[in-house]
Protein chains: 4
Amino acid sequence: MSWRTRLFEIIFEAETKAGKRFDLALLVLILVSLTVVMLESMPSVAAQYGKELLIIEWIITGLFTIEYVLRLLVVKRPLRYARSFYGIIDLLAILPTYFSILFPGSQFLLSIRALRLMRVFRILKLTHFVSEGKGILMAMKASVRRISIFLSFVLLLSTILGTIIYVVENAANPDFSSIPQSIYWAIVTITTVGYGDISPITAIGKMVASLVMLLGYAIIAVPTGIVTVELSKQFGKKTNLTESCPGCGHDGHDPDARFCKFCGHAL
Amino acid sequence: MSWRTRLFEIIFEAETKAGKRFDLALLVLILVSLTVVMLESMPSVAAQYGKELLIIEWIITGLFTIEYVLRLLVVKRPLRYARSFYGIIDLLAILPTYFSILFPGSQFLLSIRALRLMRVFRILKLTHFVSEGKGILMAMKASVRRISIFLSFVLLLSTILGTIIYVVENAANPDFSSIPQSIYWAIVTITTVGYGDISPITAIGKMVASLVMLLGYAIIAVPTGIVTVELSKQFGKKTNLTESCPGCGHDGHDPDARFCKFCGHAL
Amino acid sequence: MSWRTRLFEIIFEAETKAGKRFDLALLVLILVSLTVVMLESMPSVAAQYGKELLIIEWIITGLFTIEYVLRLLVVKRPLRYARSFYGIIDLLAILPTYFSILFPGSQFLLSIRALRLMRVFRILKLTHFVSEGKGILMAMKASVRRISIFLSFVLLLSTILGTIIYVVENAANPDFSSIPQSIYWAIVTITTVGYGDISPITAIGKMVASLVMLLGYAIIAVPTGIVTVELSKQFGKKTNLTESCPGCGHDGHDPDARFCKFCGHAL
Amino acid sequence: MSWRTRLFEIIFEAETKAGKRFDLALLVLILVSLTVVMLESMPSVAAQYGKELLIIEWIITGLFTIEYVLRLLVVKRPLRYARSFYGIIDLLAILPTYFSILFPGSQFLLSIRALRLMRVFRILKLTHFVSEGKGILMAMKASVRRISIFLSFVLLLSTILGTIIYVVENAANPDFSSIPQSIYWAIVTITTVGYGDISPITAIGKMVASLVMLLGYAIIAVPTGIVTVELSKQFGKKTNLTESCPGCGHDGHDPDARFCKFCGHAL
């Protein structure tokens, strides 16, 4: 077995003892790294331990850089890995530290390392979790188009409602100082977040606001309905799987099926 | 081909090169116009560039007016266009500028131009998006009656809950100064928006508020349920009903089925 | 036709011209009465027109009292009417004015008159609306037990989470001054209302709060699920109604039914 | 009948008169105890009646301790009881008082006694409620894995969105003083709670916030969808499957069916 195959097994897989140890070390490093980023952002901590935190950050970034280069070396098709979802995250996880030399402050973007945790998730062989997660992701993917239509509709609505409240409230209320600000208010209200940093004070303004709230309360139903329909297809199917076809091996038949829907063989 | 037919193809359709260019120019104009409205509403910008923005607004309104007149000229049944959804929006998109001569401030209603974007949406041939959007719209139309019954029920409830909190809080809390104000609070709370500009301070008031919140938390389920049922009919239909079996006449086969699951006949 | 039958037709029914006029007058009176209650609660209005509003209130209450007595007289089983849903509301709609002699302030409870609007709703022959409303009400009735179990579970949870945040925040934050106050905060947070009048300031407090929010975000799913299941039964059935049984006249059969489920007759 | 069997009947069951009295006394004691904990946490009450409340608390704890020991004595397999859900709660309900000698303040954790109410719930023979509650619990259990995947996804998202808003707002807004604080804001916003104690003030910050809100508004659909699918399995089953037809063996009849809808045979 070549060193490349061996390294591949350690870095990419988790079947061998060395592979498991590597993954555990990776998990710890990511968590340490995230903690460092959080601590650096806290003024009181940064003032006292800034130097030490910077050193740890550079060490971890160095290790992650080595890991990234190794991954490129041992994988059979490096370009394909570099372009894959995990490959891009692995790269994004080291870039901010180098950028921070030119643009101070960009090291905070290191929190993108949180996404690396998803790899460990897979590594820990939580296969059940992964398959459930896939079901949810597929339902979300299937609804992405519908949800984005819905969201652009909400944005359009917020633009118009924001302008109406601006015309109504502007004279009496400094909170609604411009239309973009009022659109921001409309989004805060229609999504039922309701910070309260901007709120109407005139009687008509409150009536318009009530309308916006009731509207938001009613249309929150739409994305829920969309995802529920998708999810019920996703998980409805999966739990009803009874048996594979003896003719062609396909599974995923309905519980009331008496013949395979792919080859017509009796079940 | 008469000039009317040619103009019709350019203005209303997007099959020809000229038609596509026209639609693109329209899209850019609408976005510029919306930006101008937003900028005009910002005091600091309006103070410095007010004159320039006003000129741009009048130029765009002029162009939109010419476009509207052309649409009326080239279409076969002008009255029907003028009364159609898009026709009304096209008219509403130019009126506020003219009104602003008489009533200053009404130019902000120009943000209704945002609705014109829907036409471009159609023009861009995002047919998939349009058909999905139609599905959502049909589900919403089918639920409109149920949702409005539900909303009038929520309003009735808010009136009564608002009065109760008024009786309870009024003496101790200047926030609940009148019943309409308290009804506004009830709507803010029952829809789970919760600005916090008005909130109870007495012990009994907080208990009533808790009740209102739990109620709102529970009944938000109703519109969701209504729309989900409608949506599952809308999108359920499209994917489930493909064809009947030529062997036994059963329908309800999956879209990927090649053989009848009841008798095994090829579909 | 006796005077009782004639009066019954006018007061309780809306088939005759006189009946329709009566209902319209009733609708106007209720709305006027509600407006009076709202206006009375506004200090500035009450100070200036208090006397006039009081007179209108007493006149309307007088008219409603006469109407209530007439209803008792003309109906065949007065006791049954008095105990019915509408009968109780009709009584509750006049009591607060009389009570206000003994307990000033109780006249604000007159807003219960809003519920009388439901009768007019029925009278206006919006039968479609009524049948839809019935469907929603039946689904809510069917879920009432499940929803109340869920709400008592939420209350239990809020009690425990409120105590935890109290122990965590009490020393540093005067907002969390007692356990009942903290339970109030937990309810405000778990229902995603989020006034912001009480909010954690310590690091651990914010972590507990985040947990409570995520919990609330996740369990809001439960009432929605419950009602959706009920509604899909309610409206699912209704739209599938195909034909009445020729044997016994019952409808409401499933689309795949070949025999009446009530009498066994072939459909 | 031995004293152990008799005591078992009184303490664990509610069939005999003595058993019912015991349960009623227990219910009253729990409610008194919860009230005492609440009152103790209120500074004004604690200052005046602190001593009396402490005495009541110790008496109730003494009674609960005796009860716990008795339960251990009369049950056949004490270890199994001690490890059961109710056994653990019964123990946790007495520990805080004893701990409060060493760690003052821990007596507030006595509110865990609220969970003991669940036992009384069972005792009151609200069997219908219990079976409904079980259905809800089973649906929640079945969705726990999916919901927790979803929540960890929301946490990951909040970490990244929190960092982005930190980078954007930190310079201008003291509210976003550190990344953990900004993550807290992201959770408050994405769950649509929206306290308003931390809110963006820069234009870009408000745009990011709008995005987070719309995201939260859209993905609240996921847990709802998950639970709805589970619940519809749970409650769908119970109401639909009543019995098989003795004539043709088909099941899936409605609860009100008296004849088989497939062959017309009496059920």
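Model, not experiment: these values are computed from the prediction.

A few points about unusual backbone geometry
Among all residues except glycine, the phi angle is most often negative; among peptide bonds, the trans geometry is most common. Located in the positive-phi region is A:Thr192, a residue other than glycine, with phi close to 60 degrees. The residue A:Thr192 is located in the loop between helix H9 (179-190) and helix H10 (203-219) in this model.

A short note on the nonpolar core
One finds A:Trp185, B:Trp185, C:Trp185 and D:Trp185 to be the most contacted residues of the largest nonpolar core, which totals 161 residues. Broken down by element, this core gets its largest block of residues, ten residues, from helix H8 (residues 127-169) of chain A. Excluding its chain neighbours within four sequence positions, the residues that come into contact with A:Trp185 are A:Ile165, A:Phe176, A:Ile198, A:Ser199, A:Pro200, A:Ala209, A:Val212 and B:Tyr195.

Details of the environment of C:Phe8
Residues and elements named next belong to chain C. In this structure, Phe8 sits in helix H1 (residues 3-12). For the pair Phe8 and Arg71, spaced 63 residues apart in the sequence, the C-alpha separation amounts to 7.6 Å. Setting aside anything within four residues of it in sequence, one finds Phe8 in contact with Glu13, Val74 and Val75.

Topic: the relation of the copies chain B and chain C
Once chain B has been moved 0.0 Å along the axis and rotated by 90 degrees, it coincides with chain C to within an RMSD of 0.1 Å. The symmetry that links the two subunits is that of a four-fold axis. The fraction of interface residues of chain B whose copies in chain C are also interface residues is only 19%, indicating that the copies meet through different surfaces.

Thoughts on the interface of chain B and chain C
On the side of chain C, 46 residues touch chain B, which itself brings 42 residues to the contact. Both faces considered, chain B and chain C share a buried interface measuring about 3,900 Å² in area, 75% of it formed by carbon and sulfur atoms. In this assembly, chain B and chain C are joined by zero salt bridges. Between the two partners, chain B and chain C, sit nine residue pairs in polar contact (both at pLDDT 80 or more). Of all the secondary-structure elements, those providing two or more residues to the side of chain B that touches chain C are helix H8 (127-169), helix H9 (179-190), helix H10 (203-219) and helix H11 (221-240) of chain B. A total of ten residues in the side of chain B that touches chain C trace back to one element, the largest contributor, which is H8(B).

What to know about the pattern of salt bridges
With the rule as written, the count across this model stands at 20 salt bridges over all chains. For C:Arg116, the salt bridge is made with C:Asp90, and the minimal N-O distance between the two is 3.0 Å. Highlighted residues: C:Arg116 in the loop between helix H6 (95-102) and helix H7 (117-123) and C:Asp90 in helix H5 (residues 85-92), separated in sequence by 26 residues. Grouping residues by exposure puts C:Arg116 and C:Asp90 together as buried. Each of A:Glu67, A:Arg71, A:Asp90 and A:Arg116 takes part in a single network of salt bridges with overlapping partners.

Some words on the packing of aromatic side chains
A ring pair, where both rings are aromatic, is described by two values, the distance of the centres and the angle of the planes. Residue and element names in this part refer to chain B. Counted under the stated rule, the structure contains 28 aromatic pairs over all chains. Each ring, one from Tyr68 and one from Tyr81, has its centre 6.1 Å from the other, and the planes form 45 degrees; the classification is tilted. Highlighted residues: Tyr68 in helix H3 (residues 43-74) and Tyr81 in helix H4 (residues 78-83), separated in sequence by 13 residues. Owing to a relative accessible area of 11%, Tyr68 belongs among the buried residues under this scheme.

Digging into H9(B)
Residue and element names in this part refer to chain B. The end-to-end C-alpha separation of H9 is 16 Å, in line with the 16 Å expected for twelve residues at 1.5 Å each. Summarising burial for H9: eleven of the twelve residues are buried, a large majority. Regarding H9, the residues found buried are Ile179, Gln181, Ser182, Ile183, Tyr184, Trp185, Ala186, Ile187, Val188, Thr189 and Ile190. The positive-phi residue at the C-terminal boundary of H9 is Thr192, with phi of around 60 degrees.

Description of the UniProt feature "transmembrane region" (unreviewed entry) in chain A
Residues and elements named next belong to chain A. Per the UniProt record, "transmembrane region" (unreviewed entry) is found at residues 21-41, 53-73, 85-102, 147-168 and 207-229. What you have in residues 21-41 is 100% helix and 0% strand, and the ends, taken at the C-alpha atoms, are 31 Å apart. When the span residues 207-229 is considered, its composition is 96% helix and 0% strand, and the gap between its end C-alpha atoms is 34 Å.

Comments concerning empty space enclosed by the protein
One pass over the structure, following the stated rule, counts two cavities of 30 Å³ or more. Volume-wise, the largest cavity comes out at about 110 Å³. Along the walls of the largest cavity sit A:Thr192, A:Ile220, A:Thr224, B:Thr192, B:Ile220, B:Thr224, C:Thr192, C:Ile220, C:Thr224, D:Thr192, D:Ile220 and D:Thr224, which together make up its complete lining. Split by residue class, the lining of the largest cavity holds four nonpolar, eight polar and no charged.

Let's talk about the packing of H3(B) against helix H6 (residues 95-102) of chain B
Residue and element names in this part refer to chain B. Interaxial distance between H3 and H6 falls to 9 Å at its minimum, and their mutual angle equals 130 degrees. With respect to each other, H3 and H6 are oriented oblique. Residues Glu57, Trp58, Thr61 and Thr65 of H3 form the contact with H6, whose own contacting residues are Thr97, Tyr98 and Ile101.

Here's the deal with a nonpolar patch on the surface
Residue and element names in this part refer to chain A. Together, Leu54, Trp58, Tyr98, Phe99, Ile101, Leu102 and Phe103 make up a nonpolar patch on the protein surface, roughly 730 Å² of accessible area in all. Elements with a contribution of two residues or more to the nonpolar patch: helix H3 (43-74) and helix H6 (95-102). The element that contributes the greatest number of residues to the nonpolar patch is H6, accounting for four residues. Positionally, Ile101 belongs in helix H6.

What counts, and where the lines are drawn
- Residues numbered from 1 in each chain as written.
- Chains lettered and ligands numbered in written order.
- Predicted model: local features only at pLDDT ≥ 70, side-chain atom pairs only at ≥ 80, totals over all residues.
- Heavy atoms only, no water.
- Helix = DSSP H or I, 4+ residues; strand = E, 2+ residues; numbered from the N terminus.
- Core = buried A, V, L, I, M, F, W, Y, C linked by side-chain atoms within 4.5 Å.
- Buried < 20%, exposed > 50% of the residue type's maximum accessible area, 1.4 Å probe, protein only.
- Contact = heavy atoms within 4.5 Å.
- Least-squares fit on C-alpha atoms with pLDDT ≥ 70 in both.
- Buried area = accessible area lost by both parts, 1.4 Å probe.
- Salt bridge = Lys/Arg side-chain N within 4 Å of Asp/Glu carboxyl O.
- Polar contact = N/O pair within 3.5 Å; in protein donor to acceptor, adjacent residues only side chain to side chain.
- Phe/Tyr/Trp six-rings, centres within 6.5 Å; stacked < 30°, edge-to-face > 60°.
- Expected span 1.5 Å × (residues − 1).
- UniProt positions renumbered as here; feature names shortened; annotations may be inferred.
- 1 Å grid on protein atoms, 1.4 Å probe; cavity = no way out; pocket = protein on both sides within 12 Å on 5 of 7 lines; lining within 4 Å.
- Points joined across faces, edges and corners; volume = space filled by probe spheres on them.
- Nonpolar A, V, L, I, M, F, W, Y, C, P; charged D, E, K, R; others polar.
- Axes fitted to C-alpha atoms, helices over the stretch in contact; angles between N-to-C directions.
- Parallel < 35°, antiparallel > 145°, perpendicular 65-115°, else oblique.
- Patch = residues over 30% accessible without salt bridge, like charges linked within 9 Å, V, L, I, M, F, W, Y side chains within 5 Å.
- Areas by Shrake-Rupley, 256 points an atom, 1.4 Å probe, with all protein chains shown as cover.

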